[in-house]
Structure formats: C-alpha cells, structure tokens
Amino acid sequence: DQQVKQNSPSLSVQEGRISILNCDYTNSMFDYFLWYKKYPAEGPTFLISISSIKDKNEDGRFTVFLNKSAKHLSLHIVPSQPGDSAVYFCATVREKLTFGTGTRLTIIP
Amino acid sequence: DAGVTQSPTHLIKTRGQQVTLRCSPKSGHDTVSWYQQALGQGPQFIFQYYEEEERQRGNFPDRFSGHQFPNYSSELNVNALLLGDSALYLCASSFDRGTGNTIYFGEGSWLTVV
C-alpha cells in the first residue's frame, strides 16, 4: 500500500524554466510533508517542508504547495538550474519518514 | 563535524549469507533509523533505535535485526540473504525522532546479493 505516490518517474526541463514535481498521498491524517533531494552516491538531503496548516511554503527558488482536499502536493523550482538535476522524493513524517517512489529531474542546459 | 557515516559503501554477498552494515550518527544525535531503497523505489523504513532499544519497526521480516551501542552507533544485520535484499541501505540519525529538516542521512551501503 503506497501511501505516498509520485506518478512521474522522470521529468526533463529546460534550464531557466519552471520545474513542477507532483506527489499524492492517501492518508488524510498526514500533517507534515517534506521534499528531499538525492544525488547519486549521496544520501537524501532535506529541501523544504510544509505543515498542513499552510497551503504554501517558499524558500528561495523552491516553493511547495499543499492541496489538502485533493491530498496533493507539488514542488515548484524556478528558475531551474543544471545543479537541480537529481532524484526528488516527497515524504511525510509521523514518527517515521514515509517516502514516495521519487522523480528523476533532468535540467537541460 | 562529521555527518552520518556508513560502512562499507559497497559489498557483494551470496544468497544465504549474513551481512552486517554499520552506521555512526551525526554528533549530538541519539536516534538511528535504517531504510532500504530498492532500485526505482523510495526508501522504506526498516526500524529505529533509541537508547539502545528498537523503538519502531517497519514491515520487514525478522531476518532484519539491529543493534544500537552506548555511543549511539548502530548495526543492521540481515540473515539468510535473498536476491531481493539487493538494495541501498540508508542510515539516518536525529535527536530523538527529529523532524524532517533535522534528520540526516548517510551516503548508504550498496548491497548486492548474487
């Protein structure tokens, strides 16, 4: 039972454009969501989070949007840069981290 | 300040063998969690250790066991290895359970079972 789903395994975006990564979850009890970024040969690193009391959280080029009624969150990266090429995981934390399957983002120079 | 360190980084084992993976948490952290990331999947929670006790466990068989030492370092043991155990094993450390932005991951140990 995949409680956190990322339906796009990969995404390619031109440098300078907006990257939008999507994530759906099934359990309405989840109340805190995170995005992690993972480069090859490195562990996941925390990128940005959002609490269910908000619908938007922004940190520089990164913005996360939460739609509780749709059980959907998205990560916007603008403008996209080559260094953003990585695998992105959405996750929720309730005593433990529950990850989605990841989306591989490739930024095309 | 060293982050989370894991060893070994890569290893190859034969079906039926046993393996031990090691993790040293980030300085100041007292909680260690282990995750398995199979190819094309997200990390899956195996278990968490706090105060040398297993505090929480994910949906993994008893072949997966662990230990936490008084210095907070931890080991993950897998017995009777199966081909399906081939994966990246990630260790994460935090102070108590931590929150998302205070949980730090190591680079992982790549296990190949042949």
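Residues numbered from 1 in each chain as written. Chains lettered and ligands numbered in written order. Predicted model: local features only at pLDDT ≥ 70, side-chain atom pairs only at ≥ 80, totals over all residues. Heavy atoms only, no water.

Participant: Before we go on, may I ask you to explain the pairing of strand E9 (residues 86-93) of chain A in this structure?
Facilitator: Residues and elements named next belong to chain A. Counted residue by residue, E9 has eight buried out of eight residues, so it is predominantly covered. Burial along E9 is two-sided: Ala86, Tyr88, Cys90 and Thr92 facing one way and Val87, Phe89, Ala91 and Val93 facing the other are all buried. Here strand E4 (residues 32-38) runs beside E9; their pairing, made up of six bridges, is antiparallel. Its bridge partner being in E9, Trp35 is matched across the sheet by Cys90. Pairing analysis gives three bridges linking E9 to strand E11 (residues 103-108), with the strands arranged antiparallel. When the sheet's bridge partners are listed, Val87 is paired in E11 with Arg104. Bridge analysis of E9 against strand E10 (residues 97-99) gives three bridges, and the strand direction is antiparallel. Pairing of Val93 across the sheet is with Leu97, part of E10. Taking the residues between adjacent antiparallel strands as the criterion, E9 and E10 are bridged by three residues, where Glu95 takes a positive phi near 75 degrees. (Buried < 20%, exposed > 50% of the residue type's maximum accessible area, 1.4 Å probe, protein only. Helix = DSSP H or I, 4+ residues; strand = E, 2+ residues; numbered from the N terminus. Pairing = 2+ DSSP bridges.)

Participant: So what exactly am I meant to see when it comes to the side chain of Thr63(A) here?
Facilitator: Along the chain, Thr63(A) turns up in strand E7 (residues 62-67). According to the relative accessible area criterion, Thr63(A) is buried, its value standing at 9%.

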